[in-house]
Amino acid sequence: MRVVLADLKSNRGFVSKDTVVGGYGSRLDPFSRVTAIIAHVKKQYHDVPSVHMAYIEAILARAGHEVEWTRGGDTVDGDVALVLSSLVDHKNETAWADRMRARGTKVGFIGITASKMPDLFRDHADFILNGEPEAGVMRLARGEIPTGIVVSEQINDLDSLPFPRWDLVGDCYGSKYGIRWSSRPVGGGLPLLASRGCPEFCTYCPHRILAGYRARSIANIADEMERLCDQYHRPYVIFRDPLFTEQRERCLELCDEIQARGLTLTFEAETRLDRLDIELLDQLHAAGFRAMSFGVESLSPATLKKSGRRPIPEAHQRQIIDHCRKRGIVTAAFYVLGFLQDDWNSIAATIDYASDLGSTFAQFKILTPYPGTPMFKQIEPLLTETDWEKFDGYTPTFAHPNLTGRELRFLLGAAYTRFYMRPSYLANFLKIQNTPVREWVSRMDRRVNDRHSREEIADISRPVTC
Ligand code: SF4
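Residues numbered from 1 in each chain as written. Predicted model: local features only at pLDDT ≥ 70, side-chain atom pairs only at ≥ 80, totals over all residues.

Undergrad: What is the right way to look at the sheet that holds strand β17 (residues 330-337) in this model?
TA: Either a parallel or an antiparallel arrangement is found when strands of a sheet pair, and the pairing is made through backbone hydrogen bonds. The parallel open sheet is built from six strands, whose spatial order is β11-β14-β15-β16-β17-β18. Strands with a single pairing partner mark the edges of an open sheet, and in this sheet they are β11 (190-192) and β18 (361-366). Between one strand axis and the next, the sheet turns by 20° as a mean value, whatever way the strands run. Both β11 and strand β14 (residues 236-239) contribute to a ladder of three bridges, which runs parallel. Within β14, the position partnered with Leu192 by the bridge is Phe239. (Pairing = 2+ DSSP bridges. Helix = DSSP H or I, 4+ residues; strand = E, 2+ residues; numbered from the N terminus. Axes fitted to C-alpha atoms, helices over the stretch in contact; angles between N-to-C directions.)

Here it is, written out as structure tokens:
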């Protein structure tokens, strides 16, 4: 059987899918000069193929099937096509599916969006795999072509899965190394899932709603890393676990294993700052850890608690980020603007905090209620947006109790401008530590901040035109 795997690229803005927002995806359609630059940079470094599709490729190839991976919008010969679904680009995905079905190919959708929102895909598909896809794909590999919506059970023993087959992905994926910006190479590196799901309870988060938390054994993860080292020169591994350092001892064990095997690689991961300490950071760094992303979300502990998120003491956040800076570990902090408790002042305080915290990068998004999350149920009566593609993380989608949509978009733009258009951003990016230089940079920051304030007051005072 010839199977086409469609991990389709979007032709609008910068779209991330697969493990981003649990698989619902995000779309950065630039809305300012700063976000245009960020979108451009992300296209070079963050456009990473789907790890779930690479697992599927391995399962099908192991069973002897011919597999063709596509990211373009052209139709491809095949008996069956599997399409990675997303919320932010589902119209492009279903249009491609329609064209494939017109050629006689059976089309199935996988991923969280098709699982949680099958009505968006039902009329464009022969089948939908509801759940993590691997169990359903194993049945497909045995020749059972599903019809309708079929449950694909989560696989508890993740070690039983074959390793993702990046070598079979088109465009010689994995060979585009050498030019590094910050820590990631051009092409983005190789995604790896050491665990799946998240045991935390943040009510807005889709990472915890498709399947439960499970982790692979250290030996199995190290085997995959060793294989990547055999296939690629000094690979850059992107751990896509929602909470990489959830189990401290396990992480230490992995560091030991990487060093014991002499693996020459670097890696990044996403985690919570309260799941890090100085000793663990040092061990991770010695094993090749070069970048991390983490949620700060809001400055207000009360707001975080209302969203089921355990606040992390500010002193701990600062200690970890300062230590990362000393070690040369790149840090990217995530913030959410527009929690139900937020108002203008609380968001302004969060933006100020983001600049002051000193992470290398920051990502700001507007609170978006994702189907299947507890927060979606809470906000559903307030929804104003009917186009699901606008649930992209950057668009207001519901009537906020304290802020208009225009105000939220304004604050989002101001957050990016204030964070990235200040001298200390450049100093952090260039890893400048020299004390007199840092003091001068802080003084310049204050002057630039004053200028931003004047410009923002002028902008928000203009008459509303839409
Ligand atoms: S810590 Fe919270 S936001 Fe992060 S992945 Fe887990 S549930 Fe989601």
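Undergrad: Help me understand the sheet that holds strand β5 (residues 80-84), please; the structure alone is not making it clear to me.
TA: Taken in spatial order, the six strands of this open sheet run β4-β1-β5-β6-β7-β8, and their pairing is parallel. Bordering the open sheet on either side are β4 (66-70) and β8 (148-151), each of which pairs with just one other strand. Across this sheet, the average inter-strand angle for adjacent strands is 20°, counted without regard to direction. When β5 meets strand β6 (residues 106-110), the two strands line up parallel, connected through five bridges. The residue of β6 that forms the bridge with Leu82 is Gly108.

Undergrad: Can you walk me through the domain arrangement of the protein chain in this structure?
TA: Much of the literature gives interface size as the accessible area that the parts lose upon coming together. Considered domain by domain, the protein chain is made up of domain 1 (2-151) and domain 2 (174-421). Computed from C-alpha coordinates alone, the two centres of domain 1 and domain 2 are separated by 23 Å. The interface is formed by 30 residues belonging to domain 1 together with 28 residues belonging to domain 2. Elements with a contribution of two residues or more to the side of domain 1 that touches domain 2: β3 (26-28), α1 (33-45), α3 (90-102) and α4 (112-116). With four residues, α1 is the single largest residue contributor to the side of domain 1 that touches domain 2. Considered class by class, the residues forming the side of domain 1 that touches domain 2 number 13 nonpolar, ten polar and seven charged. (Domains from an automatic or database assignment. Contact = placed C-beta atoms within 7 Å. Nonpolar A, V, L, I, M, F, W, Y, C, P; charged D, E, K, R; others polar.)

Undergrad: Hey, could you run me through the environment of Lys365 in this one?
TA: Tracing the backbone through its elements, the reader meets Lys365 in strand β18. Overall, Lys365 belongs to the buried group, with 20 C-beta atoms counted inside 10 Å. Between the C-alpha atoms of Lys365 and Met1, which are 364 residues apart in sequence, the distance is 42 Å. Excluding its chain neighbours within four sequence positions, the residues that come into contact with Lys365 are Val336, Gly393 and Tyr394. (Buried ≥ 20, exposed ≤ 12 C-beta atoms within 10 Å, placed from the backbone.)

Undergrad: What exactly am I supposed to notice about the site of the ligand here?
TA: Within the structure, the ligand sits among Cys198, Glu200, Cys202, Cys205, His207, Arg208, Pro242, Leu243, Arg272, Gly295 and Arg309. Along the lines of polarity and charge, the residues of the shell around the ligand split into five nonpolar, two polar and four charged. (Near = placed C-beta within 6 Å.)

Undergrad: For this particular structure, what's the right way to read the packing of helix α2 (residues 51-62) against helix α5 (residues 134-141)?
TA: How two helices pack is summed up by the angle between their axes together with the distance between the axes. Following both chains from N to C, one finds α2 and α5 inclined at 25°, their axes separated by 9 Å at the closest point. By the angle between their axes, α2 is roughly parallel relative to α5. When you trace α2 past α5, the crossing you get is right-handed. Contact residues: α2 offers Tyr55, Ile56, Ile59 and Leu60, while α5 offers Glu134, Val137, Met138 and Ala141. (Parallel < 35°, antiparallel > 145°, perpendicular 65-115°, else oblique. Left-handed = near helix turned anticlockwise from the far one by under 90°.)

Undergrad: Sorry, what's going on with the nonpolar core here?
TA: It is characteristic of soluble globular proteins that their nonpolar side chains tend to be buried jointly. Core analysis: the biggest nonpolar cluster contains 114 residues, and Leu5, Ala6, Leu82, Val83, Val237, Leu337 and Ala415 have the highest contact counts within it. The two domains that each donate at least three residues to this core are domain 1 (2-151) and domain 2 (174-421). When sequence neighbours within four positions are dropped, the list of residues in contact with Val237 reads Gly189, Leu190, Leu192, Met225, Leu228, Leu265 and Phe267. (Core = buried A, V, L, I, M, F, W, Y, C linked by C-beta atoms within 7 Å.)

Undergrad: Got a minute to help me understand helix α6 (residues 218-231) in this structure?
TA: What sets the pattern is the α-helix's 3.6 residues per turn: residues three or four places apart point alike. The terminal C-alpha atoms of α6, which comprises 14 residues, lie 20 Å apart, in line with the 20 Å expected from a rise of 1.5 Å per residue. Those residues of α6 that fall on the buried side of the exposure criterion are Ile221, Ala222, Met225 and Leu228. Taken down its axis, α6 places every buried residue within 115° of arc, on the same side. Turned more than 90 degrees away from the buried face of α6, the exposed residues are Ala219 and Asp230. In this structure, the buried residues of α6 make contact with β11, β14 and α7 (248-260). (Expected span 1.5 Å × (residues − 1). Arc of directions from axis to C-beta.)

Undergrad: I tried to follow the environment of Leu382 on my own but got confused; where do I start?
TA: As for its position among the elements, Leu382 is in the loop between α12 (374-379) and α13 (405-420). Classification of Leu382 by C-beta neighbours within 10 Å gives partly exposed; the count is 13. Along the chain, Leu382 and His400 lie 18 residues apart, while their C-alpha atoms are 7.6 Å from each other. Once residues lying within four places of it in the same chain are set aside, the contact partners of Leu382 are Phe398 and Ala399.

Undergrad: Just checking my understanding: could you explain the pairing of strand β7 (residues 127-130) for this structure?
TA: Side chains on a regular strand alternate between the two faces of the sheet. Of the two faces of β7, the one lined by Phe127 and Leu129 and the one lined by Ile128 and Asn130 are each fully buried. Pairing of β6 with β7 involves two bridges; the strand directions are parallel. Bridging from a neighbouring strand, Gly108 pairs with Phe127 of β7. Note: β7 against β8, four bridges, orientation parallel. Looking at the pairing, Ile128 lines up with Ile149 of β8. A crossover connection joins β7 to the parallel β8 through α5; in handedness this β-α-β unit is left-handed. (Right-handed = clockwise from strand over helix to strand, strands pointing away.)

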